[in-house]
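# Per-entry structural report
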Amino acid sequence: MLYLYKKLGFLLLSIIFVFLIGSQKLYAYESHNVKDYLNYLTEKEVNNLQRSIDKIKEKHDLELVIVITDDTEGKSSMEFADDYYDYNGYGVGDDHSGLLLLIDMNARVAWISTTGSAIVFFDNSKIDEILDKVTPYLTDGRYYNASKAFVNFVRSDLSYFYRALSMLFSLQSILIAIVISLIVTIILSISSKGKVTVDSRTYEEAGGFKLDVVKDQFIRETTTRVKIETSSSSGGGGGGGTHIGSSGRSHGGGGRSF
Amino acid sequence: MHIFFFLCNLFIREEGGISMSAVKEYRCPNCGAGVGFDPILQHWKCSFCNSEFNKNQLKTASDIKDNLDEPVEDLNLYHCSSCGAELIADDTTSATFCLYCRNHSVIKSRFSGRFKPEKLITFRITKEQAKDIYKKWIKKKIFAPSIFKNKEEIDKITGVYAPYWLFDCITNGYIEGQATRVRTWTSGNYKYTNTKYYRVVRGGNSKYSKVPVDGSNKLDDNIMNLIEPYNYNAITDFSMEYMSGFFAEKYDVEAHEAEMSMRKKVEKFIEDRLRSTVVGYSTFNITQKSINISDCAHKYAMMPVYLINNKYKEKNHIFIINGQTGKIAGETPISLLRQIGFGIGLALIIWLSIGFGGALFV
């Protein structure tokens, strides 16, 4: 009897063990943020990416999604990326902040869709920078490197020191520093000998000034008119052109073919 | 005007045989030591026994009556009435110190005849206060070379009675010009500008009294103008006793030369005064003016100043402090090294704060 119990116990343990391994495997394939429908990535690669994405989400309140597919359900890369993000409930916070990288193998387009605070954070020039990093790998068929580059770019761009460094070595901040310091130095260099403290009344005897002649004669007048130019404002900045997806949420982003 | 510091021209030779009465020295009636004027007490104080005296006490004590209306023979050789050493002062030095015995000496001839001043304002600021004023001022000049902040240089500060011409005059002025009044408004899609043109005339006269003009070529007129004004409530009649304890200069700019400078000042005063009565316009440009100055009268006066003279790169830089009000003026040269250092430092600070500060918000 005891023996049977032991055997059963062993069986039970084995089942649990197998189930555990299976569930782990299941989790790897069913990665929440890395959706590789074409199996370009190995299990290990998916796990690595997911771990990085989890860390970013925890630290910066921003959700990253990577989708590799060749079936965009007849939608454009932009529409598919936006809808995929919206209908699968991605995003952090009320504004559903996050980024989605769509690798559309059908159109051979890499599209990055931004949502919520990411729209402002990753404006057009940032999106271009990301695409600069990502598309060369895609052209070479190195999908893991491309995904890694996307995640790494977002992570380093969010880190304070990286941002500080990139700000320091931008042409604008160097120019601003030089110009301000030049102006201040020049102003301080115009060392005054001293302030003039004498005015036209200093040596005037009290009541010694008499005004004899006061004439104010009107001569002529002119009136001119200028048409007011109504400046047409070109669609709101910040994120450089947002659009509204089918779910009614607004997205930013951009893409490039590879 | 050429700046030249007269102290360099002051030296002493031994021996000589010229009348001692040409030099006036005020002695303490109690102990016989030299007595100098004290700016805080506004009295004379013996530096040896600390006795204080007013002007009358000092006058009674000094036996010889000073009649300055008669010119006293002017010489370049004087004897210290205390120790007998020979003082050689330059042409305009009127009060000085004996370099041997540190006694105050007043050269009578330089205050007599046509050089007799009528008016005087006494020192209110002490030498120590003047030093503090200078230190505070030079501290703000961040590009000033370090020599200007040297204690030894600041200690060389000297109290000097500077010769001034004070002018009284009546001035008639007339200005004429075009003034505009501009009004803008918008109506519909148009912005309208209405400009009304006026011919504006102002005429008036003013009485000016005691307009000061620097009477010494040694002191830079531009800097002297900046330490004005003196408070004339404290003006008194000249008396030689006040000179004791300070250096003094006599004028070397004649009254008629000084009058030219005064006219320029006064012409600007009346023009500004008339212009200030043109109000309620957007613009006003003078097209015609005429100014007439009459009834000029002048008085010769002694006004207190403190001088600091610094040499930097072979050039003299003079700082003048008003000995009554403490107002300071002077030209500080700029040290290129300090300028570059400051510029680079500031640029670095701004650059780093843009980078690290900006990264917080982006």
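Residues numbered from 1 in each chain as written. Chains lettered and ligands numbered in written order. Predicted model: local features only at pLDDT ≥ 70, side-chain atom pairs only at ≥ 80, totals over all residues.

### Here we look at the overall build of chain A
Secondary structure assignment for chain A yields eight helices and seven strands. The buried share of chain A, reckoned over its 258 residues, is 27%. Sequence separation of at least 24 residues holds for 61% of the intrachain contacts in chain A that already meet a minimum separation of 6. (Helix = DSSP H or I, 4+ residues; strand = E, 2+ residues; numbered from the N terminus. Buried ≥ 20, exposed ≤ 12 C-beta atoms within 10 Å, placed from the backbone. Contact = placed C-beta atoms within 7 Å.)

### Quick word on the overall build of chain B
Scanning chain B from terminus to terminus reveals six helices and 17 strands. Once local pairs closer than 6 in sequence are excluded, the contacts in chain B between residues at least 24 apart make up 74%.

### Things to note about the environment of B:M240
Residues and elements named next belong to chain B. Looking at where M240 falls in the secondary structure, it is placed in the loop between β13 (236–237) and β14 (247–249). Given 23 C-beta atoms within a 10 Å radius, M240 is considered buried. With 134 residues separating them in the primary sequence, M240 and V106 have C-alpha atoms 7.6 Å apart.

### What about the sheet that holds strand β4 (residues 43–46) of chain B?
The strands making up a sheet associate through hydrogen bonds between their backbones, and the pairing can be parallel or antiparallel. Residues and elements named next belong to chain B. Strand order in this open sheet of three strands is β3-β4-β5, and the pairing throughout is antiparallel. Among the strands making up the open sheet, the edge pair consists of β3 (35–38) and β5 (52–53). Where β3 meets β4, four bridges bridge the pair, whose relative direction is antiparallel. Bridge pairing links D38 to H43 in β4. (Pairing = 2+ DSSP bridges.)

### Notes on the environment of A:F121
All names here are of chain A. Relative to the helices and strands, F121 resides in helix α4 (residues 117–121). Owing to 19 C-beta atoms within 10 Å, F121 belongs among the partly exposed residues under this scheme. For the pair F121 and L158, spaced 37 residues apart in sequence, the C-alpha to C-alpha distance is 9.1 Å.

### Description of the sheet that holds strand β6 (residues 243–244) of chain A
Residue and element names in this part refer to chain A. Across the sheet, which stays open at both edges, the six strands sit in the order β1-β2-β3-β4-β7-β6 with mixed pairing between neighbours. Each end of this open sheet is capped by a strand with a single partner; those strands are β1 (34–36) and β6. Relative to strand β7 (residues 250–257), β6 is paired through two bridges, and the arrangement is antiparallel. Bridge pairing in β7 links I244 to S250. Where helix α6 (residues 143–158) meets the sheet, its contacts fall on β2 (63–69) and β3 (98–104), and the angle it forms with β2 comes to roughly 160°. (Axes fitted to C-alpha atoms, helices over the stretch in contact; angles between N-to-C directions.)

### Thoughts on the environment of B:D214
All names here are of chain B. Note on placement: D214 falls in strand β12 (residues 190–214). Residue classification places D214 among the buried residues on the basis of 27 C-beta atoms within 10 Å. Taking C-alpha positions, D214 is 9.8 Å from D252, a pair spaced 38 residues apart along the chain. When neighbours within four sequence positions are excluded, D214 is seen to be in contact with Y164, L219, D221 and M224.

### Focus: the interface of chain A and chain B
Counting from both sides, the interface comprises 49 residues of chain A and, opposite them, 56 residues of chain B. Elements with a contribution of two residues or more to the side of chain A that touches chain B: α7 (160–168), α8 (171–189) and β5 (210–227) of chain A. Of the residues forming the side of chain A that touches chain B, the biggest block, 18 residues, is contributed by β5(A). Per-class residue counts for the side of chain A that touches chain B are 23 nonpolar, 14 polar and 12 charged. (Nonpolar A, V, L, I, M, F, W, Y, C, P; charged D, E, K, R; others polar.)

### Quick notes on the nonpolar core
Among the nonpolar cores identified, the biggest contains 73 residues, and B:Y161, B:F246, B:M303, B:V305, B:I320 and B:I321 are the most heavily contacted of them. Ranked by residues supplied to this core, first place goes to strand β11 (residues 158–187) of chain B with nine residues. Leaving out residues up to four positions away in the same chain, B:I321 has contacts with B:I125, B:A130, B:I133, B:Y134, B:I227, B:V305, B:Y306, B:G326 and B:I328. Among the nonpolar cores identified, the runner-up in size contains 40 residues, and A:I53, A:A81, A:L99 and A:I103 belong to it. (Core = buried A, V, L, I, M, F, W, Y, C linked by C-beta atoms within 7 Å.)

### Overview of unusual backbone geometry
The step from B:E228 to B:P229 runs through a cis peptide bond, and the omega angle for that step is -5°. Position of B:P229 relative to the elements: it lies in the loop between α4 (221–226) and β13. Although it is not a glycine, A:N39 adopts a positive phi angle of roughly 55°. A tally of 10 C-beta atoms within 10 Å means that A:N39 is categorised as exposed. Positive phi, close to 65°, is recorded for B:E314, a residue that is not glycine. Structurally, B:E314 is set in the loop between β15 (283–312) and β16 (315–322).

### Some details on the packing of helix α5 (residues 124–139) of chain A against α6(A)
All names here are of chain A. Close contact between α5 and α6 brings their axes to 7 Å; oriented N to C, the two are set at 155°. When the interaxial angle is binned, α5 and α6 end up roughly antiparallel. The crossing of α5 and α6 is right-handed. Contacts between α5 and α6 involve K126, I130, K133, V134, Y137 and L138 from the first element and Y143, N145, A146, A149, F150, F153 and D157 from the second. (Parallel < 35°, antiparallel > 145°, perpendicular 65-115°, else oblique. Left-handed = near helix turned anticlockwise from the far one by under 90°.)

### Concerning the packing of α7(A) against helix α6 (residues 336–361) of chain B
Axis angle and axis distance: for two packed helices, these are the angle between their axes and the distance between the axes, and together they describe the pair. As a packed pair, α7(A) and α6(B) sit with axes 8 Å apart at the nearest point and diverge in direction by 140°. Taken as axis vectors, α7(A) and α6(B) run oblique relative to one another. For the pair α7(A) and α6(B), the crossing hand works out as right-handed. Counting all contacts with α7(A), which are made through A:Y160, A:R163, A:A164, A:M167 and A:L168, the residues of α6(B) involved are B:W351, B:I354, B:G355, B:F356, B:G358 and B:A359. Of the residues that constitute the contact of α7(A) with α6(B), the class distribution is eight nonpolar, two polar and one charged.

### Concerning the confidence of the model for chain B
Residue and element names in this part refer to chain B. Mean pLDDT over chain B stands at 83; residues scoring 70 or higher make up 88%. No element of chain B has a lower mean pLDDT than strand β1 (residues 11–13), which averages 33, and none a higher one than β12, which averages 94. Under the prediction, the complex receives an ipTM of 0.72, its pTM being 0.65. (pLDDT = per-residue confidence, 0-100.)

### Quick notes on the pairing of β5(A)
A small share of β5(A) lies buried, amounting to zero of its 18 residues. Pairing of β5(A) with β12(B) involves 16 bridges; the strand directions are antiparallel. In the strand pairing of β12(B), A:K227 is matched with B:Y190.

### Observations concerning α6(A)
For an α-helix, 3.6 residues make a turn, and residues three or four places apart therefore share a direction. Residues and elements named next belong to chain A. A rise of 1.5 Å per residue sets the reference length of α6, with its 16 residues, at 22 Å; its end C-alpha atoms lie 23 Å apart and thus fit the reference within 8%. Looking at α6, one finds that the buried residues are A146, S147, A149, F150, V151, F153 and V154. Contacts made by the buried residues of α6 are with α2 (43–60), β2, β3 and α5. (Expected span 1.5 Å × (residues − 1).)

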